[in-house]
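Analysis of the macromolecular model
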Amino acid sequence: MAKKVRLTQEEEIIRILRKEGFRKVSEKDLRKEPYKSLAKLPSCFKK
């Protein structure tokens, strides 16, 4: 009998996020609002 292949933790999390309706944000979408302001580093992290 063959054993059932288990997913890694990463694969399991990705499966759950997809099931919940999350999607990957493309580089093009990151350049638009609201992602544009979310992708900026806070001023306390800037040199």
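Predicted model only: the values in this text are computed from it and were never measured.

Within the protein chain, the regular secondary structure consists of 3 helices and 0 strands. N-terminal to C-terminal, the α/β element order of the protein chain is α-α-α. Looking at the protein chain as a whole, 2% of its 47 residues qualify as buried.

To continue, consider the pattern of salt bridges. A side chain of one charge can pair with a side chain of the opposite charge when the charged atoms of the two come close. In total, this model carries 1 salt bridge according to the counting rule given. Glu-12 serves as the salt-bridge partner of Arg-15, at 2.6 Å between the closest nitrogen and oxygen. One end of the pair is Arg-15 and the other is Glu-12, both in helix H1 (residues 9–19) and 3 residues apart, which spans about a single turn. Take Arg-15: its relative accessible area is 41%, and that puts it in the partly exposed class. Residue class for Glu-12 comes out partly exposed when judged on its relative accessible area of 28%.

Calculation rules
- Residues numbered from 1 in each chain as written.
- Predicted model: local features only at pLDDT ≥ 70, side-chain atom pairs only at ≥ 80, totals over all residues.
- Heavy atoms only, no water.
- Helix = DSSP H or I, 4+ residues; strand = E, 2+ residues; numbered from the N terminus.
- Buried < 20%, exposed > 50% of the residue type's maximum accessible area, 1.4 Å probe, protein only.
- Salt bridge = Lys/Arg side-chain N within 4 Å of Asp/Glu carboxyl O.

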